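# Structural features, examined
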Amino acid sequence: MKSKKMPLRKCISCGDKKNKKDLIRVVKNKEEGVILDLTGKKNGRGAYICNDLECLNSIKKTKKLSKVLGCEIPEEIFEELTNIILKKS
């Protein structure tokens, strides 16, 4: 029996390609604005980040997430990302 193929996604900070389930997705859509998508199924423009504080700090410093999504990112999103990363490690 064939094993199911896992889709790969690229972290916007470090550029490493990993399984979609191993990354955190941040989504920008018209209805809700910028939100975290832990299911990976919400509509909108998405960006993927590693479960790593170094990647998160790099994104904060360079404002890369703002550039990728094309809008200002609220501080609450970074706080939620930090909490998720700390829980998983």
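I will try to describe carefully the structure that is included in this document. (Residues numbered from 1 in each chain as written. Predicted model: local features only at pLDDT ≥ 70, side-chain atom pairs only at ≥ 80, totals over all residues. Heavy atoms only, no water.)

### Remarks on the sheet that holds strand E3 (residues 24-29)
The strand order across the open sheet formed by 3 strands is E4-E3-E5, and the pairing between neighbours is antiparallel. Either end of the sheet is taken by a strand with one partner, and the two such strands are strand E4 (33-37) and strand E5 (45-49). Neighbour-to-neighbour, the strand axes of this sheet turn through a mean angle of 25°, independent of strand direction. Looking at chain direction, E3 and E5 are connected through 5 bridges and run antiparallel. Following the sheet pairing, Ile24 is matched in E5 by Ile49. Running over the sheet, helix H3 (residues 75-88) touches E3, E4 and E5 and is turned about 5° from E4. (Pairing = 2+ DSSP bridges. Helix = DSSP H or I, 4+ residues; strand = E, 2+ residues; numbered from the N terminus. Axes fitted to C-alpha atoms, helices over the stretch in contact; angles between N-to-C directions. Contact = heavy atoms within 4.5 Å.)

### Some points on the nonpolar core
Formed by 22 residues in total, the largest nonpolar core has its most connected members in Val26, Ile49, Leu65 and Leu81. Breaking this core down by element, the ones donating at least two residues are E3, E4, E5, helix H1 (53-62), helix H2 (64-69) and H3. The element best represented in this core is H3, accounting for 5 residues. What Leu81 contacts, discounting residues up to four positions off in sequence, is Ile24, Val26, Leu36, Ile49 and Leu56. (Core = buried A, V, L, I, M, F, W, Y, C linked by side-chain atoms within 4.5 Å. Buried < 20%, exposed > 50% of the residue type's maximum accessible area, 1.4 Å probe, protein only.)

### What to know about a positive patch on the surface
A contiguous patch of positive charge, built from Lys10, Lys17, Lys63, Lys64 and Lys67, is present on the exposed surface. Relative to the helices and strands, Lys10 resides in strand E1 (residues 8-10). (Patch = residues over 30% accessible without salt bridge, like charges linked within 9 Å, V, L, I, M, F, W, Y side chains within 5 Å. Areas by Shrake-Rupley, 256 points an atom, 1.4 Å probe, with all protein chains shown as cover. Salt bridge = Lys/Arg side-chain N within 4 Å of Asp/Glu carboxyl O. Lys, Arg positive; Asp, Glu negative; His and termini not counted. Charge placed at Lys NZ, Arg CZ, Asp CG, Glu CD.)

### Concerning the environment of Val34
Within the secondary structure layout, Val34 lies in strand E4. Considering only alpha carbons, one finds Val34 and Ile77, 43 residues apart in sequence, at a separation of 7.8 Å. Val34 has contacts with Val26, Val27, Lys28, Leu69, Cys71, Glu72, Ile73, Pro74 and Ile77, leaving out every residue within four places of it along the chain.

### A look at the environment of Gly33
Relative to the elements of secondary structure, Gly33 occurs in strand E4. A relative accessible area of 26% means that Gly33 is categorised as partly exposed. Linking Gly33 and Ile73, residues 40 residues apart in sequence, is a C-alpha distance of 9.4 Å. For Gly33, the contacting residues outside a window of four places in its chain are Val27 and Lys28.

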